[in-house]
Amino acid sequence: MGTKCVAIKTKRGINLEGTILSLLPPVITIALTILTKRIVLSLGVGILFGALTANSWNITGSAGTIWEIALSVLGEGWILLLVLLIGALNALIYISGGVKSFAEWAIKRVKTPFQAQLVALVLGFFCFFDDAFSCLFRGSLVRPVTDEHKVSRSKLAYLLHSTSAPVIIITPFSAWAGFIAALIGTILIDNNITEYGAYQTYLMTIPTNYYAITTILLVFAVAYFKLNIGQMKRDEKRASEEGILFDTSRGVVPGQEEGALKVQPGGRLRDLVIPVVTLVGLTLIFATYMGIVNTEGTITPLQVLMNTDVILALVYSAVIAVGVAIISLFSRKIAGNEVAKAVGSGMKAVLPSVTILFLALMTANVISLLGVGQYLASLINNNMSLAWLPVIFFVLSAFMSFSMGSTFGTFGLMLPIGAEIVAIIDVTYLIPVFGAVLAGCIFGEHSSPLSDTTILASIGGGVHMMDHLLTQMPYAIISSVVSIVGYVTLGFTKSITVGFIATLVMLIVMIFLLFRANNRTVGKGSGATV
């Protein structure tokens, strides 16, 4: 999911674009987040410092900027409403007994921790239309099953996050595909590149998106071979030996309030299936309708994907799904106060995460205002060796996405720059450079505390955001190192196939080394039981 940034004018009109000072607010925010582990405080400081910097330390002007940004985020804050609605829906399904029925059904069939993790992973390939829905829906559905098999919440959040955006960005019929193809189409026209079509270009970038591919392969290997490293190893050991699934010293985690709700008797699997099918089915219908209505001229599947709004479609569908769940409960003579309590409790459970998400969106707007992307993009020039282009675009896009917490914002900045350079020097590098940009954006999003998907994966996994971030980071770094090897190989050989093979070989080597290191620690029998 990309963060949309709005244009806000500072009172003093100071332009920091093209200066290294624009990096200070995101660097301070990220550093404070890591050092203090207090994400709300860190985001607040980053927003304040960014506004003061943009307004030359004018307090009145800074206050005005913060107010304008807050209003703009709330005005476009459908994702905030969606999270609240999903929280309410989860609680309603919980008290209906639907989640309990699914858990009982799945537990009879899922016999091992690996199989429990596999359920979460496989479902990711069926939630390809939006990463927010993918994280929130799968988390609430699978959590009782992974809890039963003592899979730590940190591991669950990692499984959810690694099969959300990486799956969606390489799925040709996702909303992301439409957005990227539309952006590419404009870029190709602007640079007079006629060798490729827009959608054709996007499809050709899929095998060069080394980070997305290696992340998906790695997460399956981690689940199967129990490749737990760093804090993930500690969390998994605590879960398996003590039955403690998350760090209780940090307090209640998102979604835990639902445990205080009373599950009503007589619940059946259909109490889960009907609201979920309503949500998914209506989302597809609304998204298709919006895409058709917003398309001028010839209506094609690509045009529908480019012109739809999946988040808004999800909001409409979630409202109706909540209504369906409430009607179902009333039909079973469930008291109105119990239903109201569930709705309030569900929203309360995700409210801390909604606050963090709101501040993260504000931070993204402040960073956009300061011109962080423009400064980082200015570091690229037309005089560099062509062989290094893919890896340089991967690293710079990753850092930009990490700093901004925005994948779509980075797409919009880096793809045009890449096209401009290759159009002048050698257009055959267009596909490798575009693939590297898309891959770098996903790596940055996976690693950033400012990313909305990081927050949503934490909600879905039922774990504190910092615990998720610290346990996922080593795996994200492994995939990025593997990808860098692939992009260097691709750049020097000019062969997508050779680069892909080099990436896979490096990934296999890393998995082997991790497996061997784990065997030294825990002895034989570290592989999963199928």
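Here, every reference points to the structure presented above.
Residues numbered from 1 in each chain as written. Predicted model: local features only at pLDDT ≥ 70, side-chain atom pairs only at ≥ 80, totals over all residues. Heavy atoms only, no water.

A. Structural detail: the environment of Ser-331. Mapped onto the elements, Ser-331 comes out in helix α16 (residues 310-331). Within the structure, Ser-331 has its side chain in polar contact with the backbone oxygen of Ser-328 (distance 2.6 Å). (Helix = DSSP H or I, 4+ residues; strand = E, 2+ residues; numbered from the N terminus. Polar contact = N/O pair within 3.5 Å; in protein donor to acceptor, adjacent residues only side chain to side chain.)

B. Seen up close, a nonpolar patch on the surface. A contiguous nonpolar patch, built from Ile-501, Val-505, Val-509, Phe-512 and Leu-513 and spanning about 440 Å² of accessible area, is present on the exposed surface. For Val-509, the location among the structural elements is in helix α24 (residues 496-522). (Patch = residues over 30% accessible without salt bridge, like charges linked within 9 Å, V, L, I, M, F, W, Y side chains within 5 Å. Areas by Shrake-Rupley, 256 points an atom, 1.4 Å probe, with all protein chains shown as cover. Salt bridge = Lys/Arg side-chain N within 4 Å of Asp/Glu carboxyl O.)

C. Spotlight on the packing of helix α5 (residues 98-109) against helix α7 (residues 131-148). At a minimum axis separation of 9 Å, α5 and α7 run at an interaxial angle of 50 degrees. By the angle class used here, α5 and α7 are oblique. Both α5 and α7 take part in a crossing whose hand is right-handed. Contacts from Val-99, Phe-102, Ala-103, Ala-106 and Ile-107 of α5 reach α7 at Ser-140, Leu-141, Pro-144, Val-145 and Glu-148. Residue classes in the contact of α5 with α7 are distributed as eight nonpolar, one polar and one charged. (Axes fitted to C-alpha atoms, helices over the stretch in contact; angles between N-to-C directions. Parallel < 35°, antiparallel > 145°, perpendicular 65-115°, else oblique. Left-handed = near helix turned anticlockwise from the far one by under 90°. Contact = heavy atoms within 4.5 Å. Nonpolar A, V, L, I, M, F, W, Y, C, P; charged D, E, K, R; others polar.)

D. Region of interest: unusual backbone geometry. Located in the positive-phi region is Trp-57, a residue other than glycine, with phi close to 65 degrees. Summarising the element assignment, Trp-57 is placed in the loop between α2 (39-54) and α3 (59-75). At Lys-226, a position not held by glycine, the phi torsion is positive, near 55 degrees.

E. How the structure looks around the pattern of salt bridges. One pass over the full model with this rule turns up five salt bridges. Across the salt bridge formed by Lys-155 and Glu-236, the nearest N and O atoms sit 3.4 Å from each other. Within this pair, whereas Lys-155 is found in helix α8 (residues 153-162), its partner Glu-236 is found in helix α13 (residues 231-242), the two being separated by 81 residues in sequence. A residue is classified by how much of its surface remains accessible, and Lys-155, at 1% relative accessible area, is buried. A salt bridge links Asp-271 to Arg-332; the shortest N-O distance between them is 3.2 Å. Taken together, the residues span a long stretch of sequence, with Asp-271 in helix α14 (residues 270-293) and Arg-332 in the loop between α16 and α17 (336-370) at a distance of 61 residues. By relative accessible area, Asp-271 is classed as buried at 8%. (Buried < 20%, exposed > 50% of the residue type's maximum accessible area, 1.4 Å probe, protein only.)

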